[in-house]
Number of protein chains: 2
Amino acid sequence: MRLPTIRDVARTAGVSISTVSLVLRQPQRVSEGTRDRVQEAIKSLEFRPNGTARDLRIRKSGTVGVFLRNLSGPYYSELIGGIEQVATDLSLTPIICGRSVDQEQGSIRLLRERRIDGAIVLDFGISLSELVQYSGPQLPVVVLNRSLPAPLASAYITGVRIDDDGGGYLAGKHLIEQGFLRPAVITGPIEAEASQSRQRGFFQAYAEHGIDPTNVPVIHSDFTESGGAQAMETLLNLGGAIDAIFSANDEMALGVLQTLATYGISVDQIAVMGFDDIPLARYVQPPLTTVHQPMSEVGATAMELLGRAMHGEERIPPRTLSTSLVVRASTPSKARPQ
Amino acid sequence: MRLPTIRDVARTAGVSISTVSLVLRQPQRVSEGTRDRVQEAIKSLEFRPNGTARDLRIRKSGTVGVFLRNLSGPYYSELIGGIEQVATDLSLTPIICGRSVDQEQGSIRLLRERRIDGAIVLDFGISLSELVQYSGPQLPVVVLNRSLPAPLASAYITGVRIDDDGGGYLAGKHLIEQGFLRPAVITGPIEAEASQSRQRGFFQAYAEHGIDPTNVPVIHSDFTESGGAQAMETLLNLGGAIDAIFSANDEMALGVLQTLATYGISVDQIAVMGFDDIPLARYVQPPLTTVHQPMSEVGATAMELLGRAMHGEERIPPRTLSTSLVVRASTPSKARPQ
DNA sequence: GACTGTAATCGAATCGTTACGAGGAGATGA
DNA sequence: TCATCTCCTCGTAACGATTCGATTACAGTC
């Protein structure tokens, strides 16, 4: 018992395969009588065209892949929302792929085997050289939150990122204005460029204010809540006199708040700043001051660039979107000026 | 300039197409010399097999679709985590599809056009009759959080759901034990079975305790935070003497807490319970008492059942997973007994 | 030396569509 | 009446892989 094919439809409608195909694609080009007969046959057989065969023939799938590191995390919801909105306008179906644990047969094979027409890649487990290899005129790629080498390695790769440097700078400036002059930094893994940039911008703000950033303690963590909590412990055990924490993302900042709470330290003693502005940031106690990333806009922009690339545009210049400061209660102004 | 095909590889290696294919699939069955030559040709041409062609021929894609209503919401992260874990073991690639705004060309076409080998469906915008139509031995479906008609409409559909009735009952019992005897309920849209069941279980607990649930005010809302806030306003304006709110999900409960806060009403006066145990529930002030759904387990179970169905097992009985109570600060015990 | 068995390789059909060029039937105009 | 033009419809060759039965080469056996 096989599913009916276009051939079966043709037979029961008493027409040729080509005519059925034409009814499927451009009904107005078929005479009314024939069209009705074919459509009836389609209905009675419950025929549904085989997408794979179609894809093979027209060398397109109408599908773009979105590659994320992990699908969890509030971080991605908005991003995907932005992508979906634009994708709908372009008549494209985005499919979200989680991390490829296994290089050989993880979701990355959708990319390698050209089962998709375009890709938006956030997962930084997929290297740029890999992407250069897989990308091409038939499969352009938009990379998120990565710096791209100045002369693009491939004419079919571009990127969208947020201004991490600028965001870090905003954070630094805010803490300085609030009177915190002895900050510490909790950053992400070394290979995460984003947190590097955030730290750089942060340091620049302090440097401009005449404070040498080389004395600022820096702990490398892993972007998770528990990682942040642990990093804060480490900082406390170090025993330096710090009055503020800049965490390279919100999740770690949550961990920091927890550790501070268990030690009975309030944000008047040690202020806390995050980065990302995840939904939770508004809800924790105290609400977290942070740097807002326009994730939805990032998604929409990425999809827009991808759409253009899929229409043949080459060497599209990368975009950088700017961040904004969101002041909440975790960075209260220091009462007595020094 | 076309991408190289298996034919090109065959030509440069001086062998037949079949041999190249054999090298690709079962290298050990090809003599060493030939194998080396072919592999070298593959490398030099940067040949990558076309997945679509392969799919067409072997009538499989190694891909399962996961259909969610919207990708946002903390709710789904864990679910997807559970699915991915099991999928990896089964050598399957899950792809996540957002809501199909447009029936004709949204992500649902992956289902209709059989571009996937199986589906896990949460999006309740996809009707059961549609699923019955699309499902089959080559494309089984697992439905999440829906009640299925007793004799399954299709041998290739099964389901995983949580015990909403039981969860509602747990909530009711807890509120009763804490001394809240005048509750109100904020529930979801009528078509959402889950919230109906939760309400039913909740009522049962009160009925067993001798309180007639028909007097309990019920407001239908939309599962969103703002919807919950508004529903709470409505309840307050109604002016009845209520001492507790049972919200059919956590997000609405957050809205309830907000409204109560703006009116200066504490949870000692009106207690609040949610349902789902989203990550945020732990962080709001006061932390929200709620009913925990084992989402990760739901995902893993769904994927497990789907895997079995894809191996040919028919009429797999649906599963129901149980919930558990998570007591936090939003339902303090009523000090003075009546 | 003829026969059998095995391993390596190949040719051709097939999966289910799309799309191009050609053919046939009427209609139109000279 | 014949040539020309439309409008429908059809046959057939792709698309790029897999797969099965056939063929060849060569070693081993009696």
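Residues numbered from 1 in each chain as written. Chains lettered and ligands numbered in written order. Predicted model: local features only at pLDDT ≥ 70, side-chain atom pairs only at ≥ 80, totals over all residues. Heavy atoms only, no water.

Looking at the overall build of chain A
Right, so step 1: In terms of regular secondary structure, chain A is built from twelve helices and twelve strands.
Right, so step 2: The dimensions of chain A, computed from C-alpha atoms along their principal axes, are 90 × 40 × 35 Å.
Right, so step 3: Counting all 338 residues of chain A, 54% fall into the buried class.
Right, so step 4: By sequence separation, contacts in chain A at least 24 residues apart represent 69% of the contacts at least 6 residues apart.
Right, so step 5: For chain A, the computed accessible surface area is about 15000 Å², with 50% contributed by carbon and sulfur atoms.
Right, so step 6: Both charge centroids of chain A, one from 32 positive and one from 36 negative side chains, sit 10 Å from each other. (Helix = DSSP H or I, 4+ residues; strand = E, 2+ residues; numbered from the N terminus. Buried < 20%, exposed > 50% of the residue type's maximum accessible area, 1.4 Å probe, protein only. Contact = heavy atoms within 4.5 Å. Areas by Shrake-Rupley, 256 points an atom, 1.4 Å probe, with all protein chains shown as cover. Lys, Arg positive; Asp, Glu negative; His and termini not counted. Charge placed at Lys NZ, Arg CZ, Asp CG, Glu CD.)

Here's the deal with the pairing of strand β2 (residues 93-97) of chain B
Right, so step 1: In terms of burial, β2(B) is largely enclosed, as five of its five residues are buried.
Right, so step 2: The two faces of β2(B) match: T93(B), I95(B) and C97(B) on one face and P94(B) and I96(B) on the other face are all buried.
Right, so step 3: Across three bridges, the pairing between strand β2 (residues 93-97) of chain A and β2(B) is antiparallel. What sits directly across from I96(A), in β2(B), is I96(B).
Right, so step 4: Two strands pair when backbone bridges link them, and strand β1 (residues 63-67) of chain B and β2(B) are joined in this way by five bridges, in the parallel orientation. The residue bridging T63(B) from the neighbouring strand is T93(B), located in β2(B). (Pairing = 2+ DSSP bridges.)

Considering the interface of chain A and chain B
Right, so step 1: Tallying the contact residues gives 50 residues for chain A and 50 residues for chain B.
Right, so step 2: Interface of chain A and chain B: buried area, both sides summed, is about 4300 Å²; carbon and sulfur atoms make up 54% of it.
Right, so step 3: The largest share of the area that chain A buries against chain B comes from R48(A), R114(A) and Y283(A), three residues that together contribute 17% of it.
Right, so step 4: There are four salt bridges connecting chain A and chain B.
Right, so step 5: For R282(A), the salt bridge identified is with E225(B), shortest N-O distance 3.4 Å. (Buried area = accessible area lost by both parts, 1.4 Å probe. Salt bridge = Lys/Arg side-chain N within 4 Å of Asp/Glu carboxyl O.)

Remarks on the relation of the copies chain A and chain B
Superposing the two chain copies requires a rotation about an axis and a translation along that axis.
Right, so step 1: Overlaying chain A on chain B yields an RMSD of 0.2 Å, the required transformation being a rotation through 180° with an accompanying axial translation of 0.1 Å. Given the turn and translation reported, the copies of this chain are related as if by a two-fold rotation axis. Taking the C-alpha atom as reference, chain A places I96(A) closest to the rotation axis, 2.4 Å from it.
Right, so step 2: A share of 100% of interface residues in chain A that are also interface residues in chain B marks the association as one of identical surfaces. (Least-squares fit on C-alpha atoms with pLDDT ≥ 70 in both.)

Some words on the packing of aromatic side chains
Right, so step 1: Inspection of every chain in the model, using the stated rule, returns eight aromatic pairs over all chains.
Right, so step 2: Summarising the aromatic geometry, the rings of F202(A) and Y206(A) are spaced 5.1 Å apart at their centres and angled 50° between planes, so their arrangement reads as tilted. One end of the pair is F202(A) and the other is Y206(A), both in helix α9 (residues 193-208) and four residues apart, which spans about a single turn. Just as F202(A) is buried, Y206(A) falls in that class too.
Right, so step 3: Aromatic pair F246(B) and F275(B): ring centres 6.4 Å apart, planes at 55°, arrangement tilted. Pair noted here: F246(B) is in strand β8 (residues 244-247) and F275(B) is in the loop between β9 (271-273) and β10 (290-292), with a separation of 29 residues, a long-range link. (Phe/Tyr/Trp six-rings, centres within 6.5 Å; stacked < 30°, edge-to-face > 60°.)

Focus on helix α2 (residues 17-25) of chain B
Right, so step 1: Turning to α2(B), its buried residues number three or more, namely V20(B), S21(B), L22(B) and V23(B).
Right, so step 2: Looking at the buried residues of α2(B), the elements they touch are α1 (6-13) and α3 (32-45) of chain B.

Considering the protein's contact with DNA strand D
Right, so step 1: Of all residues adjacent to DNA strand D, which total 25 residues, the nearest are T19(A), T34(A), I6(B), S21(B) and R57(B).
Right, so step 2: A distance of 2.6 Å is found between a phosphate oxygen of DNA strand D and a side-chain nitrogen or oxygen belonging to S21(B).
Right, so step 3: Interatomic distance of 3.5 Å between a side-chain N/O atom of R54(B) and a phosphate oxygen of DNA strand D.
Right, so step 4: Those elements that place two or more of their residues in the surface near DNA strand D are α2 (17-25) and α4 (51-58) of chain A together with α2 and α4 (51-58) of chain B.
Right, so step 5: A class-by-class count of the residues in the surface near DNA strand D yields ten nonpolar, nine polar and six charged. (Near = heavy atom within 4 Å. Polar contact = N/O pair within 3.5 Å; in protein donor to acceptor, adjacent residues only side chain to side chain. Nonpolar A, V, L, I, M, F, W, Y, C, P; charged D, E, K, R; others polar.)

A word on the protein's contact with DNA strand C
Right, so step 1: Near DNA strand C, the surroundings consist of 27 residues, among which S21(A), R57(A), S16(B), T19(B) and T34(B) are the closest.
Right, so step 2: For DNA strand C, the backbone portion of the atoms within 4 Å of the protein, that is sugar and phosphate, comes to 70%.
Right, so step 3: S31(B) has a polar side-chain atom sitting 3.0 Å from a phosphate oxygen of DNA strand C.
Right, so step 4: For the surface near DNA strand C, a count of residues per class yields ten nonpolar, nine polar and eight charged.

Section: the pattern of salt bridges
Pairing is possible between side chains of opposite charge, provided their charged atoms come close.
All names here are of chain B.
Right, so step 1: Using the criterion set out here, one finds 28 salt bridges over all chains in the structure.
Right, so step 2: Across the pair R308 and E313 runs a salt bridge, and its minimum N-O distance is 2.9 Å.
Right, so step 3: A residue is classified by how much of its surface remains accessible, and R308, at 28% relative accessible area, is partly exposed.
Right, so step 4: Overall, E313 belongs to the partly exposed group, its relative accessible area being 36%.

Looking at the packing of helix α8 (residues 164-177) of chain B against helix α9 (residues 193-208) of chain B
Residues and elements named next belong to chain B.
Right, so step 1: Relative orientation of the contacting elements α8 and α9 amounts to 40°, with a least axis distance of 6 Å. Between α8 and α9, the angle is such that the two are oblique. For the pair α8 and α9, the crossing hand works out as right-handed. Contacts between α8 and α9 involve D164, D165, G168, Y169, A171, G172, K173, L175 and I176 from the first element and A194, S197, R198, R200, G201, F202, Q204, A205, Y206 and E208 from the second.
Right, so step 2: Residues belonging to the contact of α8 with α9 are distributed by class as follows: eight nonpolar, five polar and six charged. (Axes fitted to C-alpha atoms, helices over the stretch in contact; angles between N-to-C directions. Parallel < 35°, antiparallel > 145°, perpendicular 65-115°, else oblique. Left-handed = near helix turned anticlockwise from the far one by under 90°.)

Thoughts on the environment of Q39(A)
Right, so step 1: Topologically, Q39(A) is positioned in helix α3 (residues 32-45).
Right, so step 2: Q39(A) gets classed as partly exposed once you look at its relative accessible area, which sits at 36%.

Topic: unusual backbone geometry
Right, so step 1: With an omega of -10°, the peptide bond between Q285(A) and P286(A) qualifies as cis.
Right, so step 2: Inspection of the secondary structure puts P286(A) in the loop between β9 (271-273) and β10 (290-292).
Right, so step 3: The backbone phi angle of N145(A) is positive, close to 50°, even though this residue is not glycine.
Right, so step 4: As for its placement among the helices and strands, N145(A) is situated in the loop between β4 (141-144) and β5 (157-162).
Right, so step 5: A positive phi angle, near 60°, is found at D277(B), a position not held by glycine.
Right, so step 6: Here D277(B) is to be found in the loop between β9 and β10.

As for the sheet that holds β5(A)
Right, so step 1: Taken in spatial order, the twelve strands of this open sheet run β11(A)-β5(A)-β4(A)-β3(A)-β1(A)-β2(A)-β2(B)-β1(B)-β3(B)-β4(B)-β5(B)-β11(B), and their pairing is mixed. The sheet terminates laterally at β11 (319-321) of chain A together with β11 (319-321) of chain B, the two strands that pair on one side only. The average undirected angle you get between the axes of adjacent strands in this sheet is 20°.

Remarks on the pairing of strand β3 (residues 118-121) of chain A
All names here are of chain A.
Right, so step 1: Residue alternation in β3 divides its side chains into two sets, G118 and I120 and A119 and V121, and both sets are buried.
Right, so step 2: Summarising the sheet, strand β1 (residues 63-67) and β3 pair through four bridges and their orientation is parallel. Looking at β3, one finds that G65 is bridged to A119.
Right, so step 3: In this structure, β3 lies alongside β4, joined through three bridges in parallel fashion. Note on β4: the bridge partner recorded for I120 is V142.
Right, so step 4: Between the parallel elements β3 and β4, the chain passes through helix α7 (residues 128-134) in a crossover that is right-handed. (Right-handed = clockwise from strand over helix to strand, strands pointing away.)

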